[in-house]
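Residue strings, one per chain:
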Amino acid sequence: MGRSGYAKGKNAGHVTEQLERKEKPSRRKGRATKRVTLCREIAREVAGLSPYERRILDMIKTGGSAADKRIYKYAKNRLGSHKRAIVKREDIKAVNAAQRARQAGV
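Keep in mind the model is a prediction, meaning the values are calculated, not measured.

Draft legend 1. View of the side chain of Asn96. Within the secondary structure layout, Asn96 lies in helix H4 (residues 82–105). In this structure, Asn96 is in contact with Leu57, Ile60 and Lys61, ignoring residues within four places of it in sequence.

Draft legend 2. Seen up close, the side chain of Lys88. Here Lys88 lies in helix H4. Setting aside chain neighbours within four positions, we find Lys88 in contact with Arg44, Tyr52, Glu53, Ile56 and Leu79.

Draft legend 3. Structural view of the environment of Lys69. As for its position among the elements, Lys69 is in helix H3 (residues 67–79). Lys69 sits in the exposed class, given a relative accessible area of 56%.

Cut-offs applied
Residues numbered from 1 in each chain as written. Predicted model: local features only at pLDDT ≥ 70, side-chain atom pairs only at ≥ 80, totals over all residues. Heavy atoms only, no water. Helix = DSSP H or I, 4+ residues; strand = E, 2+ residues; numbered from the N terminus. Contact = heavy atoms within 4.5 Å. Buried < 20%, exposed > 50% of the residue type's maximum accessible area, 1.4 Å probe, protein only.

Scope: geometric values only; no functional claims are made or implied.
Written out as structure tokens, the structure is:
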């Protein structure tokens, strides 16, 4: 917020120019880089799905009316948070879609 040059009021104080600050490294924490993404992709290819992920995949395949909710509840129980459960559910759905696309292509 700029200063007005007035002694009183909302923008009281000497007229100054706002300096642009460099982004702090702490603001980048947790952002996935190309390298990390590639490493995780390779690890998933080599190791495959964990047992609970295979069970989620099976739930997706069998489907049903309340499959999404059941998958969410199961994942939340395993992972401990709402956000992680939703991300995992979408991730496994993507794996399922990739498998189906591969089968359709062959």
